[in-house]
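# Structural features, examined
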Amino acid sequence: MDTHQPEPRVISASRRTDIPAHYTPWLLRRLREGRCRYFHVFDRQWHEVDLRPEAVRAIVFWSKNLGPLLPHLDGIAGDYPFTCHLTITGHPPLLEPTAQPPEETVRQAREVARRYSPHHVLWRFDPIVITDATPLHGVVERFTRLADALAGATRICSYSFVQEYRKVNARLSALGMAFEEIPLDTQHELVLELAEIAQQREIELRACCVPAPPGGRIPQARCIDPKVLAAVGMKPGPDLKRAATRQGCGCYRSVDIGAYDTCPSGCVFCYATRGLDRAQRYRQIHDPAADSLG
């Protein structure tokens, strides 16, 4: 097991699973005990992570439902600067079968912004999925409605288009659906319109791991962003280093403490689970006292 942790670092919780929605008791216990482990899928090793406040510069949360975590944020904020990536898409239940109504997630976003600041809320309109159930002409209407609701509660919105992984295509096929191919120039026309809508509400649209329209009007997204983290009080330390997770990624280095195949939300386009049954079985046997997920 690798236990080397030379400097305070940013913790990501988590790209791989919705920890706030499903594993808040586990997270709170890990923070109290000051350590956790995670399995690295590339080097095939377990790594131990120091979660003591002095070893963590900031925490970045990723969620579609902050409800279970909200009552505990004040306690966390006392020791750890944080930001929250909140995915709010307005997709129908066919694509996001367990997602709460977007109005509730907006309410949570506004509560975090009120209690802390708009810098603590990062909106993800992600991914954009074009099917017969989510046609292209409906994207602008959904985005406008959500941007109106989130105006003043966030300063940044990241977007992407769905990645057609084999497992994702299989899930859609099982529902009798398929992705609609959207030419790149049509994608660019769409997101330039979204960018204008966002700008009118003082929200900057950013492209996450997808080609942005030429001309530089839409910057590259940085989900782990030193400027945002500095705005929420990231603890002093050496400059964060760039650490892209895939092509087109603008992120800086962080340590993700989540695990694949553990999110039971069941989103059709999820890249982090091989099957909903597998994730639901894990959730049923999950031990909140364990030192790792997965």
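Conventions adopted
- Residues numbered from 1 in each chain as written.
- Predicted model: local features only at pLDDT ≥ 70, side-chain atom pairs only at ≥ 80, totals over all residues.
- Heavy atoms only, no water.
- Helix = DSSP H or I, 4+ residues; strand = E, 2+ residues; numbered from the N terminus.
- Rg over C-alpha atoms; globule rule 2.2 N^0.38 Å.
- Buried < 20%, exposed > 50% of the residue type's maximum accessible area, 1.4 Å probe, protein only.
- Contact = heavy atoms within 4.5 Å.
- Lys, Arg positive; Asp, Glu negative; His and termini not counted.
- Charge placed at Lys NZ, Arg CZ, Asp CG, Glu CD.
- Patch = residues over 30% accessible without salt bridge, like charges linked within 9 Å, V, L, I, M, F, W, Y side chains within 5 Å.
- Areas by Shrake-Rupley, 256 points an atom, 1.4 Å probe, with all protein chains shown as cover.
- Salt bridge = Lys/Arg side-chain N within 4 Å of Asp/Glu carboxyl O.
- Phe/Tyr/Trp six-rings, centres within 6.5 Å; stacked < 30°, edge-to-face > 60°.
- Lys NZ or Arg CZ within 6 Å of the ring centre and 35° of its normal.
- Expected span 1.5 Å × (residues − 1).

### Looking at the overall build of the chain
When helices and strands are tallied, the chain shows nine helices and nine strands. For a compact globule of 294 residues, the expected C-alpha radius of gyration is about 19 Å, and the chain comes in at 19 Å, within 12% of that figure. By its C-alpha atoms, the chain is 50 × 40 × 35 Å across when sized along the principal axes. Per-residue burial over the chain gives 53% buried out of 294 residues. Long-range contacts, defined here as pairs at least 24 residues apart, represent 74% of the contacts in the chain between residues at least 6 apart. Computing the positive centroid from 37 side-chain charges and the negative centroid from 34, the chain places the two 5 Å apart.

### Thoughts on a negative patch on the surface
A cluster of like negative charges, contributed by D132, E164, E180 and E181, occupies part of the molecular surface. Relative to the elements of secondary structure, E181 occurs in the loop between α6 (166-174) and α7 (184-200).

### So, the environment of A77
Here A77 lies in helix α3 (residues 73-77). C-alpha of A77 to C-alpha of C249: the two residues are 172 residues apart in sequence and 28 Å apart in space. When neighbours within four sequence positions are excluded, A77 is seen to be in contact with F82 and Y116.

### Notes on unusual backbone geometry
The step from A13 to S14 runs through a cis peptide bond, and the omega angle for that step is -5°. Topologically, S14 is positioned in the loop between β1 (9-13) and α1 (19-22). Here the residue pair D126 and P127 is connected by a cis peptide bond, since its omega of 0° sits within 30 degrees of zero. Positionally, P127 belongs in strand β6 (residues 121-128). Here the phi dihedral of C209 falls at roughly 60°; this positive angle occurs in a residue that is not glycine. Inspection of the secondary structure assignment puts C209 in the loop between β8 (204-207) and α8 (226-231). With a relative accessible area of 12%, C209 lands in the buried category. Not every positive phi belongs to a glycine, and D261 is a case in point at roughly 60°. By the secondary structure assignment, D261 is in the loop between β9 (255-256) and α9 (276-285). With relative accessibility at 10%, the residue D261 sits in the buried group.

### Let's talk about the packing of aromatic side chains
Per the counting criterion, the structure on display carries eight aromatic pairs. For the pair Y159 and F161, a centre-to-centre distance of 6.1 Å together with 90° between the ring planes defines the contact as edge-to-face. Neither Y159 nor F161 differs from the other in exposure class; each is buried. The rings of F61, F82 and Y116 are connected pair by pair, giving a single aromatic cluster. A cation sits over an aromatic face here: R37 above W46, 4.4 Å from the ring centre.

### So, helix α5 (residues 136-150)
Across its 15 residues, α5 extends 22 Å between first and last C-alpha, which sits within 8% of the 21 Å expected from 1.5 Å per residue. When α5 is considered as a whole, its buried residues turn out to be G138, V139, V140, R142, F143, L146, A147 and L150. Its buried side turned inward, α5 meets α4 (102-115), β6, β7 (156-161), α7 and β8. A positive backbone phi angle near 90° is found at G152, which sits one or two residues after α5.

### Side note on a nonpolar patch on the surface
A cluster of nonpolar residues, Y165, Y260 and Y271, forms a patch on the protein surface that exposes about 270 Å² of accessible area. Following the sequence through the fold, Y271 ends up in the loop between β9 and α9. Overall, the relative accessible area of 36% leaves Y271 in the partly exposed class.

### Quick word on the pattern of salt bridges
Considering all chains together, one arrives at 20 salt bridges under this definition. Between E111 and R115 there is a salt bridge; the shortest N-O distance is 2.8 Å. With E111 and R115 both in helix α4 and four residues apart, the pair spans about one turn of that helix. Among the residues examined, E111 registers a relative accessible area of 18% and is labelled buried. Between R217 and E196 there is a salt bridge, with the nearest N and O atoms lying 3.7 Å from each other. With R217 in the loop between β8 and α8 and E196 in helix α7, this pair connects stretches of sequence that are 21 residues apart. With relative accessibility at 34%, the residue E196 sits in the partly exposed group. Look at the salt bridges and you will find they share partners, linking D74, E104, R107, E111 and R115 into a network.

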